[in-house]
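If you want the building blocks of each chain, they are given just below.
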Amino acid sequence: MAARHLIVGGGTAGINAIRTIREEDGGASEITLVSAERPYSRMVLPYYLGKQIAESHVYTATPASLAAWKVKALLGRRAARLDAAAATLTLDDGANVPYDDCLIATGSRAVKPAIPGADGPGVHCFWTLEEAQRVVAGVTPGSRVVMVGAGFIAFTILNAILAREAKLTILEIAPRILPRMVDAECAGLVSRWLTRHGVTLRPGVTVTRIEEARGKRRLHLKGGEPVTADVVIMATGIRPNLEWLEGSGLELSGEPGGGVLVDDHLRSSVRTVYAAGDVARGRNVVSGAHEVHAIEPTAQEHGRVVGANMAGRDVAYPGSLVMNIVEVCHLDVASFGQWEDEGAEVFSAVRPERSQYRKLLFRGGRLTGAIIGGPSNDMWTTNDVGMLKGLVYAGVDLSAWKAHLARHPFDIKPAFLATRTVTSLLPRTILGRPSHSPELPTSVVVT
Amino acid sequence: MTVNVLVFHPDRCTGCLRCELYCSYMQTGAFQPAKSVIRVAPMEGYTSYAPYTCTQCAEGWCMTACPVGAIHINAASAKDVIDDRCVGCKLCTIACPYGTMFYDADSQKAYKCDLCGGRPACAEACPTQAIVFEAATTADWVGDFAADRTARVLAQGAA
């Protein structure tokens, strides 16, 4: 069994891998962590921006907790080069780290469009903690914030910007908001809701240039009047950090989205090297296709599966479910699985007066995708979110219920219970054993 | 070792909803069934009922999904939300495939069945022993019942 584990990347996948190795081996192996940043949760940065939590709340590990896990942490160091044949990682300071097995979990970075002024002062991304700190400093009460991009990332910080009492305008190049998370009908429902809450949405707008003028930013638009902002936030997409693996000997995908090719144990083409999270082209549990999901739940499951396998277990992974949820101004929006599928049979319903939406997508008797929207103070929204996940994930046979669900897309609970979805789900665990309590390092809890 | 779990006997349930009332009081300090984490599902046009809540599943999807470790296993072996850690990001609500995570819009935190720390109010409130807290392996307590009680109306196309 491998004695020297090397984890490259201290995000969700990396930290879950480390925690799982220690759950399995109790400290028997050597673990080295190489991470450019201190480990923190990107998922909770919006709540730091919204002043709901202190900066200390975002950290998922500290030097002390890593020491307690017996992890040799090389923080602030970047991986520069991997030689898989020689089983050696070279760092940005030239140091070599030999390993018995290695996890590539270097995640993604935010990318800005290649337009003049995108790198100027007052134009930020919101992806890393450092970027979040700059946005925190810039967004003050009464300031005018223009967000470029109306996708999931933008929507996760929408509440926080409003909580800082800024005026928000969102520009989106696509003809509608949330183009990769929900369908047009749900996007329309969300748009109407946000407009009622004082957010200015401008889809179908292309920014051509950003100019700095007297401490403000002027965004020039294709075929429209310029927009002035105190702060610009670019939420225009992310890209996996893979370039450093050129020449490593690992097989990378040439397909759109790229990623390290992995098997059902999340091993790369080199058996001693694993990949997880945003850099791994893992299996989609519904479609069976291999793709990069770049979502937190996939990174978490990938990390745990790799950790168990590194510790000597033999854990095959059936794949991840694409899913997202975001709350904007107390409206919940979530989607699961193959919600954009031309070949699917679709049942949908909207209750405009209550801002509720459901969309169910079937392949045969199986629910393969779903979209849900509704007020977050409506208990049914939250419960249905979970049951839709369960139905898509478990893949139970809903043939007998399709006629009913076609007429009543909102009435999923009887179908969920009567198809014994719970029976199907109960034996399923990611690691083939019950999960442990997270045992957060106490230094993280109390600071 | 078998621990105590909530066992449901839906055939004994009268739909009196005392469990929801007591549960909401334990969870929030107010009698408001809308905030109960046990839900009684009506079947066959409100003639039979299936109480349903968290199974305390082995995976603990809510717990493993939480990005800040805000869900842990408490002394009663229940997955339990630590309020001070929860930021309200709702990842647990999409991770739990059972639909038994809840979100309190007032506190902006997730919450769920924590087995009341070892003395579940729903079981104490139930007058017909449809809800029992006893040593058992957790199971799908209502699936067969729901299948049976929906078959006739489904066949009539009016479930």
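These numbers were taken from a predicted model, which means no experiment stands behind them.

The rules behind each value
Along each chain, residue indices are assigned from 1 in the same order as the chain's sequence is written. All chains are assigned letters beginning with A, and all ligands numbers beginning with 1, in the order in which they are written. Where local features are concerned, this predicted model is filtered to residues with pLDDT of at least 70; where side-chain atom pairs are given and counted, the filter is 80 or more; whole-chain, interface and lining totals use all residues. Note on conventions: DSSP H or I runs of at least 4 residues are helices, E runs of at least 2 residues are strands, and numbering of each starts at the N terminus. We take the radius of gyration over the C-alpha atoms and set the globule estimate at 2.2 Å times the residue count to the 0.38 power. Burial is judged by counting other C-beta atoms within 10 Å of a residue's own C-beta: 20 or more means buried, 12 or fewer means exposed, and anything between counts as partly exposed, with every C-beta placed from the backbone. Residue pairs qualify as contacts under a 7 Å threshold applied to their C-beta atoms, which are placed from the backbone. Expected span, for any helix, means 1.5 Å times one less than how many residues it has. Pairs of strands are assigned from DSSP output, requiring at least two bridges between the strands. With axes taken as lines fitted to C-alpha atoms, and helix axes fitted only over the stretch in contact, angles between N-to-C directions fall between 0 and 180 degrees. For this classification, Asp, Glu, Lys and Arg are treated as charged, while Ala, Val, Leu, Ile, Met, Phe, Trp, Tyr, Cys and Pro are nonpolar and the rest, including Gly, are polar. Looking at any residue, its pLDDT shows the predictor's confidence there, from 0 to 100. What counts as a domain boundary in this text is fixed by an automatic or database domain assignment. Should the near helix be turned counterclockwise from the far one by less than a right angle, the crossing is left-handed, whereas a clockwise turn marks it as right-handed.

Examining the overall build of chain A
Looking only at helices and strands, one finds 13 helices and 26 strands in chain A. Taken against the 2.2 N^0.38 rule, which gives 22 Å for 447 residues, the C-alpha radius of gyration of chain A at 23 Å falls within 12% of a compact globule. Oriented by its inertia axes, the alpha-carbon framework of chain A measures out at about 65 × 60 × 45 Å. Counting over 447 residues, chain A shows a buried share of 51%. Of the contacts made within chain A by residues no fewer than 6 positions apart, 65% connect residues no fewer than 24 positions apart.

With respect to helix H1 (residues 12–25) of chain A
Residue and element names in this part refer to chain A. With 14 residues, H1 extends 20 Å between its outermost C-alpha atoms, agreeing within 8% with the 20 Å of an ideal straight helix rising 1.5 Å per residue. By the criterion of burial, H1 is predominantly enclosed, with eleven of the 14 residues buried. Packing partners of the buried residues in H1 comprise strand E1 (4–8), strand E2 (30–35), strand E3 (71–75), strand E7 (101–104) and helix H8 (296–310).

Let's talk about the environment of Val40(B)
Residue and element names in this part refer to chain B. With respect to the secondary-structure elements, Val40 resides in strand E2 (residues 39–43). A tally of 24 C-beta atoms within 10 Å means that Val40 is categorised as buried. Expressed as a C-alpha distance, the spacing of Val40 and Ala70, which sit 30 residues apart in the sequence, is 27 Å. In this structure Val40 touches Cys13, Gly15, Leu17, Cys19, Glu20, Tyr49 and Pro51, once residues within four positions along its chain are discounted.

Concerning the environment of Thr88(A)
Mapping Thr88(A) onto the fold places it in strand E5 (residues 88–91). Taking the C-alpha atoms as reference points, Thr88(A) and Ser248(A), 160 residues apart in sequence, are found 9.9 Å from one another.

Here's the deal with the sheet that holds E1(A)
All names here are of chain A. Taken together, five strands build an open sheet; the order of strands is E3-E2-E1-E7-E19 and the sheet is parallel. The sheet terminates laterally at E3 and strand E19 (273–275), the two strands that pair on one side only. Ignoring strand direction, the axes of neighbouring strands in this sheet form an average angle of 15°. Examined bridge by bridge, E2 and E3 share five bridges and lie parallel to one another. By the bridge assignment, Leu33 is partnered in E3 with Ala73. Its contacts with the sheet put H1 on E1, E2, E3 and E7, and the angle it makes with E2 is roughly 170°.

Brief notes about the interface of chain A and chain B
Taken together, the contacts link 50 residues of chain A with 43 residues of chain B. Looking at the side of chain A that touches chain B, the elements that each hand over two or more residues are H8, strand E22 (323–328), helix H9 (379–394), helix H10 (402–407), helix H11 (413–418) and helix H12 (421–425) of chain A. Looking at the side of chain A that touches chain B element by element, the count peaks at eleven residues for H9(A). For the side of chain A that touches chain B, the residue count by class is 26 nonpolar, 17 polar and seven charged.

Some details on the confidence of the model for chain A
Looking at chain A, the pLDDT average stands at 95 and 98% of residues meet or exceed 70. Of the regions scoring below 50 in pLDDT, residues 442–447 of chain A engages in ten contacts with residues more than four places distant in sequence or in other chains.

So, the domain arrangement of chain A
Residues and elements named next belong to chain A. Its domain assignment divides chain A into domain 1 (4–109 + 239–320), domain 2 (123–236) and domain 3 (330–425). Computed over C-alpha atoms only, the centres of domain 2 and domain 3 are separated by 30 Å. Taken together, the contacts link eight residues of domain 2 with twelve residues of domain 3. For the side of domain 2 that touches domain 3, the residue count by class is six nonpolar, no polar and two charged.

Here's the deal with unusual backbone geometry
Phi is positive for Ala87(A), which is not a glycine, with a value near 50°. Tracing the backbone through its elements, the reader meets Ala87(A) in the loop between strand E4 (79–83) and E5. Non-glycine residue Ser77(B) carries a positive phi angle of around 65°. Looking at the element boundaries, Ser77(B) is found in the loop between strand E4 (71–73) and strand E5 (79–81).

Some points on the confidence of the model for chain B
On average, chain B scores 94 in pLDDT, and the residues at 70 or more come to 97%. Two summary scores accompany this predicted model of the complex, namely pTM at 0.96 and ipTM at 0.97.

Digging into the packing of H1(A) against H8(A)
Residues and elements named next belong to chain A. Between H1 and H8, the least distance of the axes is 7 Å, while the angle of their chain directions is 35°. With respect to the hand of their crossing, H1 and H8 are arranged in right-handed fashion. On H8, the residues that touch Thr12, Ala13, Gly14, Ile15, Asn16, Ala17, Ile18, Arg19, Thr20, Ile21 and Glu24 of H1 are Glu296, Ala299, Gln300, His302, Gly303, Arg304, Val306, Gly307, Ala308 and Met310. Partitioned by chemical class, the residues of the contact of H1 with H8 number nine nonpolar, eight polar and four charged.

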